[in-house]
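Chain residues, written in single-letter form:
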Amino acid sequence: MATFDLLIRDGTLLTTSGEERADVAVLDGRIAMIGSLGRAGAATTIEARGLYVLPGVIDTQVHFREPGLTHKEDFESGTRAAIKGGVTAVFDMPNTKPAIVDEATFEDKFRAIRTRSWCDFGLYVGASPANVERLEALELMPACAGVKIFMGSSTGDLLIPDDETLKKVLFAGRRRVAVHCEDEPRLKARRPIAEKAGQPSAHPEWRDEQTAFEATSRLLALARLAGRRVHVLHVTTGQEMDLLAGHRDIATIEVTPQHLTLAAPECYERLGTRAQMNPPIRGLIHQERLWRAVADGLVDMIGSDHAPHLPEEKARRYPDSPSGMPGVQTLVPIMLDHVNAGRLSLRRFVDLTSAGPARAFGIARKGAVAVGYDGDFTIVDMAAKRTIVASWLVSKCGWSPFEGRAVTGWPVATIVRGRVVMLQGEVIGEPAGSRLRFAEALNL
Ligand code: DOR
């Protein structure tokens, strides 16, 4: 019988057929065989009895801040946090210093991170009024996950505030465009609410439901005109979900584990500015509506929006405190805990974290445990109970909004193209992550 590079024995696989108790073998980075591989040999064998073998988890929204300030997150620490948390690939955001807006900044970033990534990666390029003419070419650069639009100001200075420029961006290029939907004019007009309050509990009032809804409505109207596929990042309101349900031919939907897990006002009382992110954590009514959208099949994927602001930055007085929370390392355990609590099935988890991103973004060879696909696996122990503690965290920010939370369901191994990079919580080997390949640019 054949010799493989990696053999995962006797796990419960989630394949495209459903749940299957089987072995899976990887050769040259790809899944070579699935079945009863009793006599096969392999350089590395993992005994997975009692464990679920899932297709590798893809986190479609992280901010690893490269290029950026040296004491903050970088691609090495961010991707190390990713694999420690069971994530095998990420899409990194362009609101860095400098922002990723042209060939030079994109290529500099790619060169800098190429040999320092623990997991596979796609990189967004940011839309700005100055680069509209170039977007069509920029979105086809190797490793590019697509174009990212900020309709409202958040961290950094990337911004497309008006319909005229937004329309130009949507007419430039063909790939799915990812969008942060908050309406800039309304954000500006309402900022005094935050300044007057001086408390993060005012965050969902300043950046209210209407702020999100107006941006999403404007986006969908123009996307339809342009015949352009869009991806609405971190949807937070029931109103947007109702609207988006009528636009599923052109729009895909992402939600974050934070918006599914935390709720106002409790999160602001307990976490202060650490609960501050854009768009904001809202009340339980919206959280319930997001869960219904998960159950109804409306949500396409989960992204952590990992935004690793330092404790000293978060200590500034609101609203001068920055928005965002870390999350790439906690995405898998937090969502598996929800699986154990009966809020979604493990199959739905796989669809949201692997098959969904692969389908929506056309990621080549990812998103399924299937022969010929990349040997990316997130192996999980659904019975493991542990508490999220600061000492387990790898991100340079050193904190998590979920610290102290007891969680059932943990990643026990992370495998990227057949290489075991995390086993029983230990990071192994060298960073050997590679760029993702996308359907629209397979020749690259
Ligand atoms: O809370 C947020 N933080 N939302 C964003 O859109 C950006 C992010 C960041 O980069 O810090």
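In this text the structure is predicted, and so the values were computed from the model without any measurement. (Residues numbered from 1 in each chain as written. Predicted model: local features only at pLDDT ≥ 70, side-chain atom pairs only at ≥ 80, totals over all residues. Heavy atoms only, no water.)

*Asks:* How should I be thinking about the overall build of the protein in this particular structure?
*Replies:* Broken down by element type, the protein carries 14 helices and 17 strands. Here the protein has a C-alpha radius of gyration of 21 Å; the compact-globule value for 444 residues is 22 Å, and the two agree. Overall size of the protein, expressed as C-alpha extent along the three principal axes, is 70 × 45 × 45 Å. Taking all 444 residues of the protein together, 64% fall into the buried category. For the protein, the proportion of contacts with a sequence separation of at least 24, taken over those separated by at least 6, is 74%. Summed over its atoms, the accessible surface of the protein is roughly 16,100 Å², and 50% of this surface lies on carbon and sulfur atoms. (Helix = DSSP H or I, 4+ residues; strand = E, 2+ residues; numbered from the N terminus. Rg over C-alpha atoms; globule rule 2.2 N^0.38 Å. Buried < 20%, exposed > 50% of the residue type's maximum accessible area, 1.4 Å probe, protein only. Contact = heavy atoms within 4.5 Å. Areas by Shrake-Rupley, 256 points an atom, 1.4 Å probe, with all protein chains shown as cover.)

*Asks:* Would you explain the pairing of strand 10 (residues 177–180) in this entry?
*Replies:* The two faces of a sheet get side chains in turn, since along a regular strand they alternate between them. Covered by surrounding structure in strand 10 are Val177 and Val179 together with Ala178 and His180, the residues of both alternating faces. Across three bridges, the pairing between strand 9 (residues 144–150) and strand 10 is parallel. Within strand 10, the residue paired with Lys148 across the bridge is Ala178. Tracing the backbone out of strand 9, into helix 4 (residues 163–171) and back to the parallel element strand 10 gives a crossover that is right-handed. Of the strand pairs in this sheet, strand 10 and strand 11 (residues 230–232) are connected by three bridges, and their pairing is parallel. (Pairing = 2+ DSSP bridges. Right-handed = clockwise from strand over helix to strand, strands pointing away.)

*Asks:* Explain the layout of surface pockets here, please?
*Replies:* There is about 530 Å³ of room inside the largest pocket. Contributing to the lining of the largest pocket are 33 residues, with Ser154, Thr155, Gly156, His309 and Pro322 lying nearest its centre. Broken down by secondary-structure element, the contributors of at least two residues to the lining of the largest pocket are helix 5 (184–197) and helix 6 (203–206). Counting residues per element, the lining of the largest pocket draws most heavily on helix 5, which supplies four residues. Looking at side-chain class alone, the lining of the largest pocket contains nine nonpolar, 13 polar and 11 charged residues. The volume enclosed by the second largest pocket comes to roughly 180 Å³. Broken down by secondary-structure element, the contributors of at least two residues to the lining of the second largest pocket are strand 1 (3–15) and helix 14 (346–361). When residues in the lining of the second largest pocket are grouped by element, the largest group, four residues, is from helix 14. Within the lining of the second largest pocket, the residues separate by chemical class into six nonpolar, four polar and two charged. (1 Å grid on protein atoms, 1.4 Å probe; cavity = no way out; pocket = protein on both sides within 12 Å on 5 of 7 lines; lining within 4 Å. Points joined across faces, edges and corners; volume = space filled by probe spheres on them. Nonpolar A, V, L, I, M, F, W, Y, C, P; charged D, E, K, R; others polar.)

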